[in-house]
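The lines below spell out each chain.
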Amino acid sequence: MSRGWKRTRRLVREAIAMAWAQRVPTVIAMVLMGGMTAAVLLTTGRASAAEAQILASIDAVGSRAITIRAEPSAGVDYSAVERLRTIAGVEWVGAFGQAVDVSNGATGSDVAVASRVLVSTDLQPLGIGTPAVDGVAYASRQALDALGLPDGAGYVAAPGTTGYDLAGRLHTPAFLEPLEPIVVVPRRLDQVAATMRPGDVALVIVVVRQPQLVSAVAEASRTLLAPVDPAGVTVAASSDIARLRALVQGQLGGFSRGLTLMLTGVLAVLVGTLQFGLVMIRRKDFGRRRALGATRGLIVGLITVQTVLIACAASVIGAAIALAVLAFGREPLPPADFVAATMMLTVAASGLGALAPAIVASRRDPLAELRVP
């Protein structure tokens, strides 16, 4: 074991002994530090959790969707999927064909829902694997209920067609909810390449990874769509989402940071005041240590390490109490990194608050302090 490590262990043991010998001041310091940790988590921690929930709602996939509607005269075909997927920041692209009304093929019901061919980069968000059989259809729950096929078994058909066998239920993500009730016939691009014609695509949905990218991706999509008649293309995107997200994050985050810094500053001042009082009370003890050969650095280290150790224990207890209160009240819990950062900030503020009194104690004249009765 190295000499430095042995010295550190002795310093820590001595700091623990000092804290144990001063039980009442130690308990007061723990209440102060733990209470400050709990206060930060119950105020700014709760605000941080609420901010995370609000931002998650803003970042929901529905708010990151760009809807492009194309008239037949625009001449958009399914090859647009390959071009749009190359845009940086694009998470999902789907091209939908012209809507065709289909009904329950077994009963010939008069109730019809819209069916569309779908060519996409990824069918997983819709709960669809790669279709094993060409020409099968998937229907949403609303569509199945409307067609009288709640179990998803059967087939759908348009007047004068053979129809499509239902292969399963379609999961409707947020960006497809405006199309409900819907039936889709998923196809790969190579399956439609030989027969596709300009004007086959009526609707393209592009989902981006971050709301901040919506505006830029919408402009790039308009260009890469390469329509024959640009006037027949309408792009709908929520460009205000990014501004709303930045506004919410800035206001809530600024409030949380300001309150945390204020509470941390108050904690540092209170800890410094408490330690200064303890130093004055124990100045004879520190004078005796200095007279016996203790260095100024040792005195500073003892007081600072003692405070830091107390702060570590107090921050853990305070955080546990705060989280228990929030959980009992069914309040949103702050993220784990926020809790850890708050505990570290409490320890750092306590250590800094104790530093000035520790320096004062180390600079006292040992002979003068030993004369104190």
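On a predicted model such as this, the values are computed, not experimentally measured, just so you know.

Structural notes on the overall build of the protein chain
- When you go through the protein chain residue by residue, the secondary structure sums to 11 helices and 10 strands.
- Buried positions account for 43% of the 373 residues belonging to the protein chain.
- Sequence separation of at least 24 residues holds for 83% of the intrachain contacts in the protein chain that already meet a minimum separation of 6.
- With an accessible surface of roughly 18,800 Å², the protein chain has 61% of that area assigned to carbon and sulfur atoms.

Notes on the pairing of strand β4 (residues 113-120)
- With 6 of its 8 residues buried, β4 lies for the most part within the structure.
- Relative to β4, strand β2 (residues 90-97) is paired through 3 bridges, and the arrangement is antiparallel. Counted as the bridge partner of A95 is V119 from β4.
- Summarising the sheet, strand β3 (residues 100-104) and β4 pair through 3 bridges and their orientation is antiparallel. Its bridge partner lying in β4, D101 is registered against A114.
- In this sheet, strand β8 (residues 182-186) lies alongside β4 in parallel orientation, the contact comprising 5 bridges. For V117, the partnering residue across the bridge sits in β8 and is V185.

Thoughts on a positive patch on the surface
- Taken together, the side chains of K6, R7, R9, R10 and R13 present a region of like positive charge at the surface.
- With respect to the element layout, R10 can be found in helix α1 (residues 3-21).

A short note on the environment of V207
- Mapped onto the fold, V207 is located in strand β9 (residues 201-208).
- Taking the C-alpha atoms as reference, V207 lies 8.2 Å from F175; in sequence the two are 32 residues apart.

Let's talk about the nonpolar core
- Judged by nonpolar contacts, the single largest core of 25 residues is most densely connected at I66, I68, V76, V204, V206 and L225.
- Elements with a minimum of two residues in this core: β1 (65-70), α3 (80-84), β2, β9, α6 (214-224) and β10 (233-237).
- Of the residues forming this core, the biggest block, 4 residues, is contributed by β9.
- Ignoring sequence-local partners within four residues, the contact set of I68 consists of A202, L203, V204, V206, S221, L225, V233, T234 and V235.

Observations concerning α6
- Within α6, the full set of buried residues consists of V214, V217, A218 and S221. Mapping the buried residues of α6 onto a view down its axis gives an arc of 105°, with all of them on the same face. Opposite the buried face of α6, by more than 90 degrees, sit the exposed residues A216 and T223.

A short note on the environment of V217
- As for its position among the elements, V217 is in helix α6.
- When near neighbours in sequence (up to four residues on either side) are disregarded, V217 contacts I66, I87, A88, V90, V206 and V208.

Looking at the pattern of salt bridges
- Here the structure, examined in full by the defined rule, presents 2 salt bridges.
- Taking the shortest distance from any N to any O, the salt bridge between R197 and D200 comes out at 3.8 Å.
- Given the relative accessible area of 54%, R197 is considered exposed.
- Judged by relative accessible area, which is 17%, D200 ranks as buried.

Points about the packing of helix α9 (residues 296-328) against helix α10 (residues 336-362)
- Where α9 contacts α10, the two axes come as close as 8 Å, and the packing angle between them is 150°. It follows that α9 is roughly antiparallel to α10 by the angle criterion. Of the two possible hands of crossing, α9 and α10 adopt the one that is right-handed.
- Across the contact of α9 with α10, the residue classes tally to 17 nonpolar, 7 polar and 1 charged.

Description of the environment of L270
- Looking at the element boundaries, L270 is found in helix α7 (residues 240-281).
- Given a relative accessible area of 37%, L270 falls into the partly exposed group.
- L270 sits 238 residues away from L32 along the chain, and the two C-alpha atoms are 8.2 Å apart.

A few points about the confidence of the model for the protein chain
- Across the protein chain, the average pLDDT comes to 77, with 78% of residues at or above 70.
- Per-residue pLDDT, averaged within each element of the protein chain, yields its smallest value for helix α11 (residues 366-370) (58) and its largest for β2 (88).

Let's talk about the side chain of T342
- Looking at the secondary structure, you find T342 in helix α10.
- Among the residues examined, T342 registers a relative accessible area of 5% and is labelled buried.
- Filtering out sequence-adjacent residues up to four positions away, T342 remains in contact with T37, V40 and L41.

Focus: a nonpolar patch on the surface
- Taken together, the side chains of M262, V266 and L270 make up a nonpolar region of the molecular surface, amounting to roughly 250 Å² of accessible area.
- Among the structural elements, M262 can be located in helix α7.

Each value, and the rule that gives it
Per chain, residue numbering runs from 1 following the sequence as it is written. Note on the predicted model: pLDDT of at least 70 is required for a residue's local features to be given, and 80 or more for side-chain atom pairs to be given and counted; whole-chain, interface and lining totals, by contrast, use all residues. Think of the side-chain values as coming from all heavy atoms in the structure, minus any hydrogens and water. Every helix listed is a DSSP run of H or I at least four residues long, and every strand listed is a run of E at least two residues long, numbered separately from the N terminus. For the exposure calls, accessible area comes from a 1.4 Å probe over protein chains only, and a residue counts as buried if that area is under 20% of its type's maximum, exposed if over 50%, partly exposed in between. We call two residues in contact whenever any of their non-hydrogen atoms come within 4.5 Å of each other. The Shrake-Rupley method, run with a 1.4 Å probe, gives the accessible areas here. Residue values count only the displayed protein chains as cover. For two strands to pair, DSSP has to find at least two bridges joining them. Patches in this entry comprise residues that are over 30% relatively accessible and not in a salt bridge; like charges within 9 Å are linked, as are nonpolar side chains (Val, Leu, Ile, Met, Phe, Trp, Tyr) within 5 Å. The term salt bridge refers to a pairing of a side-chain nitrogen on Lys or Arg with a carboxyl oxygen on Asp or Glu at a separation within 4 Å. The charged-residue count follows a simple rule in which Lys and Arg add positive charge and Asp and Glu add negative charge, with His and chain termini not counted at all. By convention, charge coordinates are those of NZ in Lys, CZ in Arg, CG in Asp, or CD in Glu. By nonpolar core we mean a set of buried residues, namely Ala, Val, Leu, Ile, Met, Phe, Trp, Tyr and Cys, connected to one another through side-chain atoms within 4.5 Å. What the arc describes is the spread of directions from the helix axis to the C-beta atoms. Helix axes are fitted to C-alpha atoms over the stretch in contact, other axes to C-alpha atoms as well, and angles between N-to-C directions run from 0 to 180 degrees. What sets the label is the angle itself: under 35 degrees gives roughly parallel, over 145 gives roughly antiparallel, 65 to 115 gives roughly perpendicular, and the rest give oblique. For any helix crossing, the convention is left-handed if the near helix is rotated counterclockwise from the far helix by under a right angle, and right-handed if that rotation is clockwise. Charged means Asp, Glu, Lys or Arg here, nonpolar means Ala, Val, Leu, Ile, Met, Phe, Trp, Tyr, Cys or Pro, and polar covers whatever is left, Gly included. Across the chain, each position has a pLDDT score giving the predictor's confidence in that residue, from 0 to 100.

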